[in-house]
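Structural characterization, general
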Amino acid sequence: MEAQNEQRTGLLYGFGAYGIWGLVPLFWPLLKPSGAVEILAHRMVWSLAVVGVALLALRRWGWMRELVRQPRKLGLTALAASIISVNWGLYIWAVNNGAVVEASLGYFINPLVSIAMGVLVLGERLRRAQWVAVGISFAAVLVLAVGYGRPPWISLILACSFATYGLIKKKLNMGGLESLTAETAVLFLPALGYLVWLSVQGQSTFATQGAAHSALLAATGLVTAVPLVFFGAAAIRVPLSTLGLLQYMAPVFQFGLGVLYFHEAMPPERWVGFSLVWAALALLTWDALRTARRSRAVLEAAPVAVTAPAREPA
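Described in the following lines is the structure provided in the data block.

The next point concerns the pattern of salt bridges. According to the stated counting rule, one finds 3 salt bridges in the structure shown. For the salt bridge of arginine 127 with aspartate 287, the shortest nitrogen-to-oxygen distance reads 2.7 Å. Of this pair, arginine 127 sits in the loop between α5 (100-120) and α6 (128-148) while aspartate 287 sits in helix α13 (residues 268-307), placing them 160 residues apart in sequence. Judged by relative accessible area, which is 35%, arginine 127 ranks as partly exposed. Residue aspartate 287 is classed as buried on the basis of its relative accessible area, which comes to 0%. For aspartate 287, the salt bridge is made with arginine 290, and the minimal N-O distance between the two is 3.0 Å. Here aspartate 287 pairs with arginine 290, and both are found in helix α13, just 3 residues apart, close to one helical turn.

Structure below.
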């Protein structure tokens, strides 16, 4: 019963995390007339403030000494921070410039890009279904490139940057709260310096658009930190396969907002391209669930094989 309650709680946290990420396109337009880079800088500064308060409450500071003593790990943290800042900044720009649908495509194809990186960077071997899924996704990108009249650069950069970020995070092996703190700490001074420069130039919107606007800019810290905390709580309570299915919530919500709320154009060739991506993801999900079932069956059968009485030689 306790395990079921824990899993139910984990699912709620997972829905909360991916639900917030899926609905966040509604938030960024509220920050206009701030530009994408100014919003990004505020996000970095206020995120550090939020996670700093969380760490202070939890009294989790010991990992910092260990990180500072490992130059390679510190360098990887700085690299991860730089890559996620590109991802965050481009996503904010895309949402505020009428490209929510194209941005959602980036997170649809992200699992497929991660698989490709596993092959190219880590030397992983793919199952047949995974190869087919990657091939379908490549065809989808070609169809979308024809539809857009250009490659879907926003989608590709978002997917590649987030997949690279995930690869670095895998090597770092740090907790969600700790890694976000380290990354925002690396970004804090450049972000704060940029905001000070904007203020000196008279181009800052923080104190010139009213108290409500300033509060919304400060809320970027919560918008960043809260879903990550929820995700961390979900990750320790539900199976990885369940989290893998939940991750599609965010781009589904984003796509729906782009089409139904922001009324972005969806000509036939884009529907074809997105349909191919969804087919590839469906195949990938089916293959992952089938592999997980086979693995469980092997584990369940293993004790039987060990305890079965040995036959006497004929």
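Here we take up the packing of aromatic side chains. With the rule as written, the count across this model stands at 15 aromatic pairs. Judged by centre distance (5.6 Å) and plane angle (55°), the rings of tyrosine 13 and phenylalanine 230 are tilted. Taken together, the residues tyrosine 13 in helix α1 (residues 2-23) and phenylalanine 230 in helix α10 (residues 220-235) connect sequence positions 217 residues apart. Accessibility expressed as a relative area gives 30% for tyrosine 13, which makes it partly exposed. A ring pair is formed by phenylalanine 108 and tryptophan 278, whose centres lie 6.0 Å apart and whose planes are at 75°; its orientation type is edge-to-face. Of this pair, phenylalanine 108 sits in helix α5 while tryptophan 278 sits in helix α13, and the two are 170 residues apart along the sequence. What links up through ring pairs into an aromatic cluster is the set Phe108, Phe255, Trp271, Phe274 and Trp278. Between the NZ or CZ atom of arginine 43 and the centre of the ring of tryptophan 88, over which it lies, the distance is 4.2 Å.

Scoring rules and cut-offs
Residues numbered from 1 in each chain as written. Predicted model: local features only at pLDDT ≥ 70, side-chain atom pairs only at ≥ 80, totals over all residues. Heavy atoms only, no water. Salt bridge = Lys/Arg side-chain N within 4 Å of Asp/Glu carboxyl O. Helix = DSSP H or I, 4+ residues; strand = E, 2+ residues; numbered from the N terminus. Buried < 20%, exposed > 50% of the residue type's maximum accessible area, 1.4 Å probe, protein only. Phe/Tyr/Trp six-rings, centres within 6.5 Å; stacked < 30°, edge-to-face > 60°. Lys NZ or Arg CZ within 6 Å of the ring centre and 35° of its normal.

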